[in-house]
Amino acid sequence: MAWELLGSTKLTSAGDIITVDNLTAKKFLYVQYFIIPSGSLDNISARFNDDSGSNYARRYSTDGGADGASTSLNKLRFRSGGAVSNTFFGEFPIINISDEEKLVISHQVRNNTNGASNAPSRAEMVGKWANTSDQITRIDLIQDGSGDFAADSELVVWGTD
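Predicted model only: the values in this text are computed from it and were never measured. (Residues numbered from 1 in each chain as written. Predicted model: local features only at pLDDT ≥ 70, side-chain atom pairs only at ≥ 80, totals over all residues. Heavy atoms only, no water.)

Asker: Can you explain the packing of aromatic side chains? Please cite residues and give values.
Answerer: Given two aromatic rings, their pairing is described by the distance between the two centres and the angle made by the two planes. As enumerated under the stated definition, the model contains seven aromatic pairs in all. Through pairs of rings, three or more aromatic residues link up here, namely Y33, F78 and F92. Here the guanidinium or amino end of R58 rests over the ring plane of Y60, the centre of that ring lying 3.7 Å away. (Phe/Tyr/Trp six-rings, centres within 6.5 Å; stacked < 30°, edge-to-face > 60°. Lys NZ or Arg CZ within 6 Å of the ring centre and 35° of its normal.)

Asker: If you had to explain the sheet that holds strand 11 (residues 121-129) to someone new, which residues and values would you point to?
Answerer: Strand order across the open sheet formed by eight strands is 1-14-3-9-10-11-6-7, with antiparallel pairing between neighbours. Edge positions in the open sheet fall to strand 1 (4-10) and strand 7 (68-73), since each of these has one partner strand only. Taken over all neighbouring pairs, the strand axes of this sheet differ in orientation by 15 degrees on average, direction set aside. Alignment of strand 6 (residues 56-62) against strand 11, held across seven bridges, turns out to be antiparallel. If you follow R58 over to strand 11, its bridge partner there is G127. (Pairing = 2+ DSSP bridges. Helix = DSSP H or I, 4+ residues; strand = E, 2+ residues; numbered from the N terminus. Axes fitted to C-alpha atoms, helices over the stretch in contact; angles between N-to-C directions.)

Following this line, the structure appears as structure tokens:
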């Protein structure tokens, strides 16, 4: 199985959304993101094919804590918690079959407090987009809090059949 780069977007100025669209539909997607904060970021989420309906559900854990679950969401949130001004790196593979719900596994790390004496923070999330008629051809990474994604924040999408 050979992965091909389907698209990427790197911000040239601060913003709340990073979009990669016009993606070639592939059975498997692998998404990576690197976020530099401008101010405090409350939450980082993904939305597929510009669908802002209540068509997403997730189960999540932060720093190995107890699981939480949310349903009937308008996007997939990768972590829950207060505003932080940390750098984030995340990845999420997606099964992208048109007549199946799109399943997602997300891993995210943020640097937490600078310095080697401070452990990074992690978040895990499994989620789904309940669409059973389309393949994902657009991914939006969304910051829905008070801060912004700074310039040079990036979203990269790989795909394979």
